[in-house]
Amino acid sequence: CSAPLKVFKVGGLSEKILKTFTILTLEEAESRRREVQGVIAVPGFSVIDAEFLAKFPSLRVVSTYSVGLNHIDVKACTERGVKVGYLPGIVNGATADIAWSLMLATARQVVVGHNTLHSGDDTQRREAFHLLGKEVHGSTLGIVGMGRVGLDVARRALGFSMKVFYHNRHRKTDEEEQSVKAEYVADVDELLGKCDFVVNVLPASAETRRYFSRDQFSRMRQGSVFVNVGRGMTVDHDALVESLESGRLFGAGLDVTDPEPLPKDHPLMNMDNVVITAHRGTASLETRISMAELVVSNLIAGLTGTPIKACLN
């Protein structure tokens with residue numbers, strides 16, 4: 001187990017875990033391999049692949065503290081009869097919130113204004129054209145990757161009277177489109193050229209690697225804002241830097257990067273028109289508690305042979 005027990009404690013779950021299980025760190029589990037029946041996996045701290053599975057012959061369930069599954073070989077788990085529980089649905093609202101936080105903060109230069117004030121430099125504050133931003137209300141929003149999070153991003157746009165376009169591998173149902181007043185665009189290049197704000201919600205896959213490249217950024221509307229709450233590997237960061245430096249993009253809001261974190265000397269870390277929140281999309285108290293509850297529920301179900309609420313296999 002490499003799970004963040006502090007979160008479980010906040011949620012009142014640490015006692016439940018300790019009463020039900022013997023908790024081992026990965027290091028402790030190495031010496032008790034045949035006893036390990038369940039694993040709580042946390043992205044960035046654990047990789048569940050064929051090599052890992054071979055070490056623990058009694059393993060029955062992997063319960064991951066995430067929606068993303070880049071750290072788990074689901075096929076290998078299935079072949080060994082190991083169930084994989086994950087966290088669909090829970091993180092949607094919080095991730096959509098961070099997308100909007102980044103959109104607003106970037107468009108209205110909130111961070112730059114904050115830093116200017118705290119630096120003590122008040123010389124430009126009263127100038128009429130100092131730190132002018134972009135209006136969000138009444139503008140055009142494009143969403144690339146219209147899954148659950150994308151739908152929640154679009155739903156929030158209703159309150160800002162925005163025109164919403166989306167591109168997705170599969171078109172949503174008429175009912176889903178009408179519920180968020182979103183219009184499907186089959187050609188992503190067309191979408192990029194007509195939107196003031198583009199929110200990337202693409203998952204990580206071989207097909208989406210560097211999806212946003214130099215070509216895609218060149219097709220975006222002049223002075224638009226790019227927001228990424230999908231995965232860092234879906235963006236060519238060198239191309240993003242070029243688009244920001246050239247003025248093609250007004251700014252960028254990034255909750256995810258590749259790598260994470262970016263080196264301190266990376267150009268994106270030193271640009272006033274870039275806001276980076278270091279993968280905090282799910283980092284609200286309420287969401288993290290809900291995540292912890294489902295992680296434990298999935299683990300208990302997998303070990304007791306009852307149906308896992310959110311199971312991939």
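Rules used throughout
Residues numbered from 1 in each chain as written. Predicted model: local features only at pLDDT ≥ 70, side-chain atom pairs only at ≥ 80, totals over all residues. Heavy atoms only, no water. Salt bridge = Lys/Arg side-chain N within 4 Å of Asp/Glu carboxyl O. Buried < 20%, exposed > 50% of the residue type's maximum accessible area, 1.4 Å probe, protein only. Helix = DSSP H or I, 4+ residues; strand = E, 2+ residues; numbered from the N terminus. Pairing = 2+ DSSP bridges. Right-handed = clockwise from strand over helix to strand, strands pointing away. pLDDT = per-residue confidence, 0-100. Contact = heavy atoms within 4.5 Å.

**Details of the pattern of salt bridges**
Side-chain pairing between opposite charges can occur once the charged atoms of the two side chains come close. All chains considered together, the criterion is met by 13 salt bridges. For Glu35, the salt bridge is made with Arg32, and the minimal N-O distance between the two is 2.9 Å. On the basis of relative accessible area, Arg32 is assigned to the partly exposed category, the value being 32%. Here Glu190 makes a salt bridge to Lys194, at a shortest N to O gap of 3.4 Å. With Glu190 and Lys194 both in helix H10 (residues 188-194) and four residues apart, this pair spans about one turn of that helix. Salt bridges sharing partners connect three or more residues here, namely Glu30, Arg33 and Lys55.

**Details of the side chain of Glu177**
Tracing the backbone shows Glu177 in helix H9 (residues 174-180). Judged by its relative accessible area of 9%, Glu177 falls in the buried class.

**A few points about the pairing of strand S2 (residues 61-64)**
Burial of S2 is two-sided: the residues Val61 and Ser63 facing one way and the residues Val62 and Thr64 facing the other way are all buried. Pairing of strand S1 (residues 38-41) with S2, which is carried by four bridges, proceeds in the parallel orientation. By the bridge assignment for S2, Val39 is matched with Val62. Tracing the backbone out of S1, into helix H4 (residues 50-55) and back to the parallel element S2 gives a crossover that is right-handed. The pairing of S2 with strand S3 (residues 83-85) spans three bridges and is parallel. Pairing of Val61 across the sheet is with Lys83, part of S3.

**Concerning the confidence of the model for the protein chain**
Scored by pLDDT, the protein chain comes out at a mean of 91, with 91% of its residues at no less than 70. Low pLDDT (under 50) marks residues 1-5, which in the prediction has 14 contacts with non-local residues, meaning those over four places away or in another chain.

**A word on the pairing of strand S8 (residues 224-228)**
Among the five residues in S8, five count as buried, and that is most of the element. Summarising the sheet, strand S7 (residues 197-200) and S8 pair through four bridges and their orientation is parallel. Bridging from a neighbouring strand, Phe197 pairs with Val225 of S8. In this sheet, strand S9 (residues 249-254) lies alongside S8 in parallel orientation, the contact comprising five bridges. Looking at S9, one finds that Ser224 is bridged to Leu249. Note that the unit made of S8, helix H12 (residues 237-246) and S9 has a crossover that is right-handed.

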